[in-house]
Amino acid sequence: AEGYEEARRLAMHAIQLSPDVAEPHAILAYLYRTQDWDWTAARTELRLALSADPTDPVSLMLDGLLSMTLGQHEKAEHQLRAAVDRDPFFNYANFNLGNELYLQGKYSEAEAIFRRLLEISPRFKWTWPYLAKTLLAQGKSRAALDALQPTEAGVSKLDYLSVILLANGRTTDADATLQMLIAQHAATDASCIAMTYAYRNEKQLALQWLERAYAQRDAGLLEMAGEPLLKNILAEPRFHAILRAMNLPD
């Protein structure tokens, strides 16, 4: 929270000094989206950023991220592709484009983006886990498990390891990994715990953890629109209640 507030202060100060520069508006928009869940304020700042520089890759990427959150996937893909076109080695733009394609069900395209990202930014920690769940979505459960092996132990690996172990029939290991995820990261990754329970079709536990994620303002909720791992709870009224509480399309 302290980091977010300092970032907000610095972004606003930068805007006071140079109101016609794109990136401070884009960063402020990111804060409105990620911390405040204020989609209107975020969109306003992104319009200012893109008005100042329509080709700024950071502004284009963050505009794509906001559209992703709001379920506006066509616009999100367009803006994220534009960001990558402007800076082909921008690892966050490539990563978010891959994630957007995954959320749209364009799994082979997403896989190609993630594999390219491994080449241009091999230490980017989220590539292997997101490649793994993209492979899982294609029914390649063994390849998904193999994709997690190069990942260092930590939350980026734990978030999806239980799901992928379960898909490979390793129920005991999956259960133990889920309990490890809960023990270590309940305060920061409740949305991934919810996704794990949703994948297991344990709907009530999934919804309880999703509600906990909402209470914790878990940033993972910003990627709910289209997430295949949540498909078992998409029809649940409590799921839609969270969308309405976040002022997202229901």
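Small disclaimer: the values here were computed from a predicted structure and weren't measured.

**Student:** With reference to specific residues and values, describe helix 13 (residues 203–215).
**Tutor:** Under the 1.5 Å per step criterion, the end-to-end length of helix 13 is 18 Å for 13 residues, consistent within 8% with the ideal 18 Å. Looking only at helix 13, the buried set comprises Ala-206, Leu-207, Trp-209, Leu-210 and Ala-213. For helix 13, the angular spread of buried residues about the axis comes to 165 degrees, placing them on one side. Check the buried side of helix 13 and you find it contacts helix 11 (171–185), helix 12 (190–199) and helix 14 (237–245).

**Student:** Provide a residue-level description of the pattern of salt bridges, including the pertinent values.
**Tutor:** Summed over the entire model, instances satisfying the criterion amount to 18 salt bridges. Here Arg-81 makes a salt bridge to Glu-109, at a shortest N to O gap of 3.1 Å. A residue pair is termed long-range when its members are at least 10 positions apart, and Arg-81 in helix 5 (residues 73–86) and Glu-109 in helix 7 (residues 107–120) qualify at 28 residues. Overall, Arg-81 belongs to the partly exposed group, its relative accessible area being 30%. With its nearest N and O atoms 3.3 Å apart, the salt bridge here joins Arg-142 to Asp-146. With Arg-142 and Asp-146 both in helix 9 (residues 141–148) and 4 residues apart, the pair spans about one turn of that helix. Since its relative accessible area comes to 38%, Asp-146 is described here as partly exposed. Each of the salt bridges in this network shares a partner with another, and the network as a whole consists of Glu-77, Arg-81, Lys-106 and Glu-109.

**Student:** Residue-level account of the packing of helix 12 against helix 13, with values.
**Tutor:** For any two helices packed against each other, the geometry is given by the interaxial angle and the distance between the axes. At their nearest, the axes of helix 12 and helix 13 sit 8 Å apart, and the two run at 165 degrees to each other. Relative to helix 13, helix 12 is oriented roughly antiparallel. Along this stretch, helix 12 crosses helix 13, giving a crossing that reads as left-handed. Residues Ala-190, Ser-191, Ile-193, Ala-194, Tyr-197 and Ala-198 of helix 12 pack against Leu-205, Ala-206, Trp-209, Leu-210, Arg-212 and Ala-213 of helix 13.

**Student:** Break down the layout of surface pockets for me, citing the residues and quoting the values.
**Tutor:** Of the pockets and cavities examined, the largest pocket occupies roughly 830 Å³. As for the largest pocket, its lining consists of 35 residues, of which Tyr-30, Phe-95, Trp-126, Ala-219 and Glu-223 are closest to the centre. Elements with a contribution of two residues or more to the lining of the largest pocket: helix 2 (22–36), helix 4 (57–69), helix 6 (91–103), helix 8 (127–137), helix 10 (155–167) and helix 12. Looking at the lining of the largest pocket, the element that brings in the most residues is helix 2, giving 5 residues. Its residues placed into classes, the lining of the largest pocket shows 23 nonpolar, 5 polar and 7 charged.

Criteria and thresholds
Residues numbered from 1 in each chain as written. Predicted model: local features only at pLDDT ≥ 70, side-chain atom pairs only at ≥ 80, totals over all residues. Heavy atoms only, no water. Helix = DSSP H or I, 4+ residues; strand = E, 2+ residues; numbered from the N terminus. Expected span 1.5 Å × (residues − 1). Buried < 20%, exposed > 50% of the residue type's maximum accessible area, 1.4 Å probe, protein only. Arc of directions from axis to C-beta. Contact = heavy atoms within 4.5 Å. Salt bridge = Lys/Arg side-chain N within 4 Å of Asp/Glu carboxyl O. Axes fitted to C-alpha atoms, helices over the stretch in contact; angles between N-to-C directions. Parallel < 35°, antiparallel > 145°, perpendicular 65-115°, else oblique. Left-handed = near helix turned anticlockwise from the far one by under 90°. 1 Å grid on protein atoms, 1.4 Å probe; cavity = no way out; pocket = protein on both sides within 12 Å on 5 of 7 lines; lining within 4 Å. Points joined across faces, edges and corners; volume = space filled by probe spheres on them. Nonpolar A, V, L, I, M, F, W, Y, C, P; charged D, E, K, R; others polar.

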